[in-house]
Amino acid sequence: MVEPLGVTQVFQACSEEAFAFEVSSELESLDLLAGHERAREALAFGTAIRSDGFNLFVLGQPGHGKHSLVGRYLTERSSNDPAPPDWCYLYNFEDPSVPLYLALPPGLGRQLRRDIEELTDELRGAIPAVFESDEYQNRLQEMKQAMSERQRDAIEAIRREAREQGVLLLSTHNGFTFAPAGGDGDGDKMLSPEEYETLPKEERERIEHTVEILQRKLTQTIRRMPRLAKELREQVQQLNEEVLEGAIGAPLAELEERYQDEKGVIAHLTAIREAILQHAEAFTADDPEIPPEAIFSRFYLNLLVDNADTQGAPVIYQDLPGHQHLVGRIEHHVHNGTLLTDFSLIRAGALHRANGGYLVLDIRGLLTQPGAWETLKRVLHAGEIRTESLEQAYGLISTVSLEPQPIPLDVKIVLLGERLLYYLLCEHDPEFLELFKVQVDLEDELERNEESLALYARMIATLAREAALAPLDRSGVAATIERASRLADDQQRLTARHRDLHDLLMEADHWASVAGSSVIQREHVEKAVAQQLWRAGRIRERSHEQITRGTLMIATQGLVVGQVNGLSVLALGDFAFGQPTRITATARPGHGQVVDIEREARLGGRIHSKAVMILSRYLAGRYAREAPLSLSASLAFEQSYGGIEGDSASVSEVCALVSAITRVGLDQAFAVTGSINQHGEVQAVGGVNEKIEGFFDVCRARGELNGQAVILPATNVEHLMLKREVREAMAAGTFRIYAVRHVDEALALLTGETLGEADAEGNFPAESLNGRVQARLAAFQAVVKAASSDDEEDAADGGEEGGDAS
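A quick note: this is a predicted structure, and the numbers were derived from the prediction, not measured.

Definitions and cut-offs
- Sequence order as written defines the numbering, with residues in each chain counted from 1.
- Only residues with pLDDT of 70 or above have their local features reported here, since the model is predicted, and side-chain atom pairs are shown and tallied only from 80 upward, although totals for entire chains, interfaces and linings are computed over all residues.
- Note that the side-chain values use all heavy atoms of the structure and ignore hydrogens as well as water.
- Helix and strand definitions here come from DSSP, where helices need a minimum of 4 consecutive H or I residues and strands a minimum of 2 consecutive E residues; each element is numbered from the N-terminal end.
- Each radius of gyration reported is based on C-alpha atoms, and the globular scaling rule is 2.2 Å times the count of residues to the power 0.38.
- To sort residues, take the accessible area from a 1.4 Å probe on protein chains only and compare it with the maximum for the residue type: under 20% means buried, over 50% means exposed, and anything in between is partly exposed.
- The contact definition used throughout considers only heavy atoms, calling two residues in contact when any of these lie within 4.5 Å.
- The charged-residue count follows a simple rule in which Lys and Arg add positive charge and Asp and Glu add negative charge, with His and chain termini not counted at all.
- A charged residue contributes its charge at one atom only: NZ of Lys, CZ of Arg, CG of Asp or CD of Glu.
- Per-residue confidence from the predictor is reported as pLDDT, which spans 0 to 100.
- What a helix should span is 1.5 Å times the count of its residues minus one.
- Of all possible arcs, the one meant is that of the directions from the helix axis to the C-beta atoms.
- Think of it this way: a Phe, Tyr or Trp ring, Trp meaning its six-membered ring, pairs with another when their centres are within 6.5 Å, and the plane angle makes it stacked under 30 degrees, edge-to-face over 60, tilted otherwise.
- For a lysine, the NZ atom is tested; for an arginine, the CZ atom; a charge sits over a ring if that atom is within 6 Å of the ring centre and within 35 degrees of the ring normal.
- When a carboxyl oxygen of Asp or Glu is within 4 Å of a side-chain nitrogen of Lys or Arg, the pair counts as a salt bridge.
- Put simply, buried Ala, Val, Leu, Ile, Met, Phe, Trp, Tyr and Cys residues joined by side-chain atoms within 4.5 Å make one nonpolar core.
- Any two strands with at least two DSSP bridges between them are considered paired.
- Axis lines are fitted to C-alpha atoms, over the contacting stretch for helices. Their N-to-C directions set the angle, which ranges from 0 to 180 degrees.

Report on the overall build of the chain, specifying residues and quantitative values.
When its secondary structure is counted, the chain shows 28 helices and 29 strands. Radius of gyration (C-alpha) of the chain: 49 Å, far over the 28 Å computed for a compact globule of 806 residues. Seen through its principal axes, the chain has C-alpha atoms that stretch 170 × 100 × 45 Å. Across the 806 residues of the chain, 47% fall into the buried class. The long-range share in the chain, meaning contacts at least 24 apart out of those at least 6 apart in sequence, stands at 75%. Of the side chains in the chain, 79 bear a positive and 127 a negative charge, and the two mean positions are spaced by 1 Å.

Structure representation (structure tokens):
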């Protein structure tokens, strides 16, 4: 017979003697990536290689604290890297719709922005001053006066020539006109029409011919007037440029000398000089087409990313990785009801801020933001950041807007996510593995041994120190390690989920504070665990209450044929609990059918259906090797109204079927969990701690703790980390746990019968339980065969009667 497990087999205690410290504050801090050697090496490789596509994807289950782990590593790694350049946008004087980017050494962008602001302020006062100076006004007046005199001299020359020919040049409202001069020695008097008619014909013809010649000369002179005006404008322009050059030359020359090594800055200063000289009229005209302030606003620097205070390469975490949060945005302002924008309204995105360093993104958030995943892939393929709206990127709008010059990209992307999302992307996105070639897989659990206990104690001390909690004494550390094994569901493993440990320590610190203790002790850790379970346990209590009150029928004593207590786990969020479930079976002669009622009702999952098929083949292979399995059986989970999934009830179902076939009762003080293969070997299942504790709680609530027991796979023993109450009941002998390797061992415990060994022909002793199974199946076969013979005779008789009638 199988012996019950001892208390030491169901719980791996952590001895306080294993620690050489008194309180955890004595321990040095530990790199929280300790134990994740595979992940650490992947991070080191992924951050060191600079080739395209070697971005990183950090895999881990929720609760790992991936952000803090990776962020801490990247911050340390990047501290030795050079700081990236400052990134700026400048006004493009040739094409204002395409602002130009400018890369500057870190810190120089801030200085250049200040210098240009000071330059603009200086020019804003210096330029109007030179145009208002007496020297400029005098020179301008001289130019205008000289040009006016040239125009007047040209007209006067024609006027003198006309007078010499006896013709007057008169000024009218409509321009100039010629008229014959009067006689009697008065050359300035115009002849009246009557006087002109009295002139001889030859004189009149001479005057008309002279006027015609003079008119042509006048026309030519007038046509030269715009040329003279243009000449004046050019002279004024030259004067303005000369004056402006005097005003702006020294300040610009100073900046050009200061930034002589920066070609982009020199080009911008040259463009500023040309813009001022080109738009001199903006500073002299009363109502200029372009106001001076519009000219000055083009000189400024839009400092997109300022790395003056950055130490090493930047490590940026973007918690909301939308399209605009990644590539930046172009803002607008309202002017007279119209949306306007310019280069100064370009705003940086996370890719700009992380350029030259590392950008950490959560893959779930990235995939849920519209267009963000495709945007990131497009940026990585192109190797440049193109700031545009999502509508522009997909061609959904056609309005005129800015198209900033794309900024070259040099960044390492680090994605954080669950394994499922990683494998789904591998399967469904062909570009994914081209861009994220480095897999950083964090451990879910850490090995538990003497060496690792010391490291784990340092990790606990580090978590407490970083959260500014009270230190733990040795008992508190031991209790935390025991809880870590329970969270891992393994005596030889410890959970690597820092968030669970952090939350536990926070609560334990609270209870230590309530108790007035300066250190966290075992009792505080255990109270924190108990409170966590109590807060989440309402549904568990109500479910167990239904069993205690008899609403859900569960027997915990007596013998019943075809009935056994199975064990199931219900998971609600991050809380799971176990409870017993009644499994029943029926058996009668038939044609080898084992009806899974859950499957027929579409409540059973695929794995459960597979388990039922396996157990039916096990029965056939064990008890009917050379003959048909003449059995019609059914299996059901009683009072189960939800879905059933998993194979952990297959041992229970086999036992129930054997009981139903042999009419031998099963001990209801037992609950059973475990799956089987086609050879009857019992295989490990999940949730064994919750299942055992759930059955224990039900039995204790009924006041029937008197030898109740749980049967589980022997391969699950190392996964047991049972609570104190169960261990105490085991020590008192009121509760037992049995570990089995074959289904025969479970049947022996449940029935108290001898199973028997098969002989060379596969036959079992008649008095054994297996022999009785064979006998009953043989009887079933005889009944089926007899029924088949009767049916054949009836069919034959029916055929003869039909022949006589014909």
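From this point, the discussion proceeds with the structure in view.
Let's hear about the confidence of the model for the chain: which residues, and what values?
With 96% of its residues at a pLDDT of at least 70, the chain reaches an overall mean of 89. Of all helices and strands in the chain, the one with the weakest mean pLDDT is helix α28 (residues 769–805) (74), whereas strand β12 (residues 358–362) scores best (97).

If you had to explain helix α4 (residues 134–164) to someone new, which residues and values would you point to?
Spanning 31 residues, α4 covers 44 Å between terminal C-alpha atoms, matching the ideal 45 Å at 1.5 Å per step. Residues of α4 that are buried: Tyr136, Leu140, Met143, Met147, Ile155, Ile158, Arg159 and Ala162. Next to the buried residues of α4 lie α3 (108–132), β4 (167–172), β5 (175–180), α6 (201–258) and α8 (281–284). Positive backbone phi, at 75°, marks Gly166, one or two positions downstream of α4.

Give me the lowdown on helix α21 (residues 538–548), citing residues and values where you can.
Three or more residues of α21 are buried, namely Arg540, Ser543, His544 and Ile547. Down the axis of α21, the sector holding all buried residues measures 95°, keeping them to one side. For α21, the secondary structure elements touched by its buried residues are α20 (522–535), β21 (575–588) and α25 (688–701). Positive phi shows up at Gly550, right after α21, with a value of about 90°.

I'd love a proper account of the packing of aromatic side chains, names of residues and values included.
Between two aromatic rings, the relevant description is the distance of the centres plus the angle of the planes. For the structure on display, the rule yields 20 aromatic pairs. Summarising the aromatic geometry, the rings of Phe45 and Phe54 are spaced 5.9 Å apart at their centres and angled 80° between planes, so their arrangement reads as edge-to-face. Pairing Phe131 with Tyr136 gives two aromatic rings, centres 5.0 Å apart and planes at 80°, and the pair type is edge-to-face. Residue Phe131 is classed as buried on the basis of its relative accessible area, which comes to 5%. Counting every residue linked through ring pairs, the aromatic cluster contains Phe57, Trp373, Tyr422, Tyr423, Phe432 and Phe436. A cation over an aromatic ring shows up here: Arg727 above the ring of Phe11, its NZ or CZ 3.8 Å from the ring centre.

How would you sum up the pattern of salt bridges? Please name residues and give values.
Side chains that differ in charge, positive against negative, can pair when their charged atoms come close. Inspection of every chain in the model, using the stated rule, returns 42 salt bridges. Ionic pairing is found between Glu254 and Arg258, a salt bridge with its closest N-O pair at 3.0 Å. Here Arg258 and Glu254 lie together in helix α6, a separation of four residues that amounts to about one turn. On the basis of relative accessibility, which here comes to 46%, the residue Glu254 falls in the partly exposed class. For the salt bridge of Arg486 with Glu693, the shortest nitrogen-to-oxygen distance reads 2.7 Å.

Could you give an account of the nonpolar core, with specific residues and numbers?
Grouped together as the largest cluster of nonpolar side chains are 53 residues, with contacts concentrated most on Phe19, Val414, Val440, Tyr456, Val477 and Ile481. Apart from the residues lying within four places of it in its own chain, the contact partners of Val440 are Ala39, Ala42, Leu43, Leu56, Phe57, Val58 and Leu59.

Lay out unusual backbone geometry in plain terms, naming residues and giving numbers.
Backbone geometry places Ala468, a non-glycine residue, at a positive phi of 60°. One can find Ala468 in the loop between α17 (450–466) and α18 (474–488). By relative accessible area, which is 70% here, Ala468 ends up exposed. In this model, Asp489 sits at a positive phi of 55°, which is unusual for a non-glycine residue. When you line up the elements, Asp489 lands in the loop between α18 and β18 (493–495).

Describe in detail the sheet that holds strand β28 (residues 708–713), supporting the description with residues and values.
Strand pairs in the sheet, formed through backbone hydrogen bonds, run parallel or antiparallel to each other. Pairing within the open sheet is mixed, and its seven strands lie in the order β22-β23-β21-β20-β25-β28-β29. Edge positions in the open sheet fall to β22 (593–596) and β29 (735–740), since each of these has one partner strand only. Averaged over all pairs of adjacent strands, the angle between strand axes in this sheet comes to 30°, irrespective of strand direction. In this sheet, β21 lies alongside strand β20 (residues 563–572) in antiparallel orientation, the contact comprising 10 bridges. Looking across to β21, one finds that Gln563 is bridged to Thr584.

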